[in-house]
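Each chain, written out:
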Amino acid sequence: MKRRTRLTTALAAATLVGLIWAGFGASPRDGQDTSFGALRPLPAPALKIGRPEALSSGRHFSRWTVVRHATVAHVRPSAASPAVADLAVWTAERTRNLLTVLRSRTGTDGKVWVEARPPVLPNGSLGWVRRDSLGPYQVVDTHLVVDRARLRATLYQAGRRVFTAPIGIGAAAWPTPAGEFAVRSELTRYASSFYGPVAFGTTARSAVLTDWPGGGVVGIHGTNEPYLIPGRVSHGCIRMRNRDILRLSRQMPVGTPVTIR
Amino acid sequence: MTDAGFEAFLDAADRDGALAETRARAETASRRRLLGMAAAGAGALALTRASGARAARLAASDVDILNYALVLEYLQATFYTEAERSGALTGKTAQAARVVGATERAHVKAFLQLLGSQAVKRPTFNFEGTTEQQRPFLKTAVALEDLAVAAYKGQAPKLRSNAVLAAAVGIHSVEARHAAWMRQLFGITPAVNAFDKPASRKSVGRLVASTHFISATPRMKRRNKPGFTG
């Protein structure tokens, strides 16, 4: 009985499919072939849209921006709170004044405020700046670690070591400051063998050479005295052999965080 | 890239010369590449040509339209990426930003693969805090998605290649879904009209310019003598 029912159902289904097929495929109207089979196949799309691109964890990313309008960094996200530092648009190197972005929140005025590291003494100062005084956010996945005990600098990209080299650091009277900083400028093609072929400006400041022109900015640069490296030989800057600074300049973008320990 | 329509879009969108700067950089890089290729010989030339081979098969007007679409995709992808990285969004809005951002980044990647060396470079964007507060984020997302839907619709009839049209239609409907999603989250009716109007490049350019989101790239490299402590 069951078998007979199944057979009847199958026959009915086959008849229905046949009728539908005949209905679609037959009797052209107004001289046109309306059957699906006669339509042109759809072209393959020119773009191959892949799977959605999820962001990576963000563990190795850091954000930076520049000062767009001269402004003041405050202790809290409020213009009424004490000032930490005046922030200029341009640096002494005549590049844009860079700030590492730590986080943002809405202030009591309803505006967005950004917590950043202003390049001022004492090193390690933090301050809140109105977002509308700042430029575009930029992202880097590099990180330079300067080890003063081992006299070595190591660059990481997305957490992977991509560069390491021996360095010269500040002598006892002019120590290289420890802390969290960033690369704020890249200078090239100047006529000074003392700094080698490339010099990076950082947001670190010498705590002793405060009357140095430009404010005692600690740089990372080449040298005309490679035989002094590794050693404690500088006025606070981080020196590298010229071949090393050239190699570093190909891998380290401006905005890279710098940890000096 | 010499099409008058694309020029009109760039002129309208480029209030502070940022896009012109981006294009100039791209052209300089292109010239450098050419010089490099001349020095390196025919082998390098063949390699570089291969990277742009797929785009070379397209009509110049289609490449022009694809680059126009790419600028809008860059704008959207950067907006959602920055919003996700800011960590300021919460709940369903954060989830939507994550999902839509992943899709927009896939669009950018696909355009770059198709256009190869003919792709316009990514401009610098400054969203001025709209990615860091819930309501301004949603308001901007609605504007950007509605704009993208209208922009794709405006260009679709102008495409010469059916294969590019098929791809554009595929993206257009996705952008329309994004627009409806963001509208719902913002608390406005997702679908209002029986018929949506297309937007011309000039009007899209004017709208993009009015946001001031396209920004000049900060100057961080110089040829100065350092004044560091040494």
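What you see is a predicted model, and the numbers here were worked out from it, not measured in a lab.

A look at the overall build of chain B
(1) Moving on: When helices and strands are tallied, chain B shows nine helices and three strands.
(2) Moving on: Helices (α) and strands (β) of chain B occur, in sequence order from the N terminus, as α-α-α-α-α-α-β-α-α-α-β-β.
(3) Moving on: Relative to all contacts within chain B whose residues are 6 or more apart in sequence, the contacts with residues 24 or more apart total 81%.

Let's talk about the packing of helix H5 (residues 60-86) of chain B against helix H7 (residues 134-155) of chain B
Residues and elements named next belong to chain B.
(1) Moving on: Direction vectors running N to C along H5 and H7 enclose 165 degrees, while the axes themselves pass 11 Å from each other. Comparing their axes, H7 and H5 come out roughly antiparallel. With respect to the hand of their crossing, H5 and H7 are arranged in left-handed fashion. Here H5 contributes Ile-65, Tyr-68, Ala-69, Leu-72, Leu-75, Gln-76, Phe-79 and Ala-83 to the contact with H7, which in turn contributes Phe-137, Thr-140, Leu-144, Ala-148, Ala-151, Tyr-152 and Gln-155.
(2) Moving on: Residues belonging to the contact of H5 with H7 are distributed by class as follows: 12 nonpolar, three polar and no charged.

Some words on the confidence of the model for chain B
(1) Moving on: A residue-level look at chain B finds 76% of positions with pLDDT of 70 or above and a mean pLDDT of 83.
(2) Moving on: Interface scoring of the predicted complex returns ipTM 0.79; its pTM is 0.81.

As for helix H2 (residues 242-249) of chain A
Residue and element names in this part refer to chain A.
(1) Moving on: Of the residues making up H2, those classed as buried are Asp-244, Ile-245 and Leu-248. Along the long axis of H2, the arc covered by the buried residues comes to 95 degrees, so they all point the same way.
(2) Moving on: Where H2 is buried, its residues contact strand E9 (152-157), strand E10 (160-166), strand E13 (198-205) and strand E14 (217-221).

Considering the interface of chain A and chain B
It is common to report an interface's size as the accessible area lost on association of the parts.
(1) Moving on: Counting residues at the interface gives 58 residues for chain A and 44 residues for chain B.
(2) Moving on: Of all elements in the fold, only strand E1 (62-66), strand E4 (98-106), strand E12 (179-188), E13 and E14 of chain A reach the threshold of two or more residues within the side of chain A that touches chain B.
(3) Moving on: A per-class count over the side of chain A that touches chain B returns 29 nonpolar, 18 polar and 11 charged.
(4) Moving on: Where E12(A) lies against strand E3 (residues 221-222) of chain B, two bridges are found, and the strand directions are parallel. Following the sheet pairing, Leu187(A) is matched in E3(B) by Arg222(B).

Concerning unusual backbone geometry
Residue and element names in this part refer to chain A.
(1) Moving on: Here the bond from Leu-121 into Pro-122 is cis, since omega is -5 degrees, no more than 30 degrees from zero.
(2) Moving on: Turning to its location among the elements, Pro-122 is positioned in the loop between strand E5 (112-117) and strand E6 (127-130).
(3) Moving on: With an omega of 0 degrees, the peptide bond between Ile-229 and Pro-230 qualifies as cis.
(4) Moving on: Structurally, the position occupied by Pro-230 is in the loop between E14 and strand E15 (231-234).
(5) Moving on: Despite not being glycine, Arg-94 shows a phi value in the positive range, around 65 degrees.

Parameters at a glance
- Residues numbered from 1 in each chain as written.
- Chains lettered and ligands numbered in written order.
- Predicted model: local features only at pLDDT ≥ 70, side-chain atom pairs only at ≥ 80, totals over all residues.
- Helix = DSSP H or I, 4+ residues; strand = E, 2+ residues; numbered from the N terminus.
- Contact = placed C-beta atoms within 7 Å.
- Axes fitted to C-alpha atoms, helices over the stretch in contact; angles between N-to-C directions.
- Parallel < 35°, antiparallel > 145°, perpendicular 65-115°, else oblique.
- Left-handed = near helix turned anticlockwise from the far one by under 90°.
- Nonpolar A, V, L, I, M, F, W, Y, C, P; charged D, E, K, R; others polar.
- pLDDT = per-residue confidence, 0-100.
- Buried ≥ 20, exposed ≤ 12 C-beta atoms within 10 Å, placed from the backbone.
- Arc of directions from axis to C-beta.
- Pairing = 2+ DSSP bridges.

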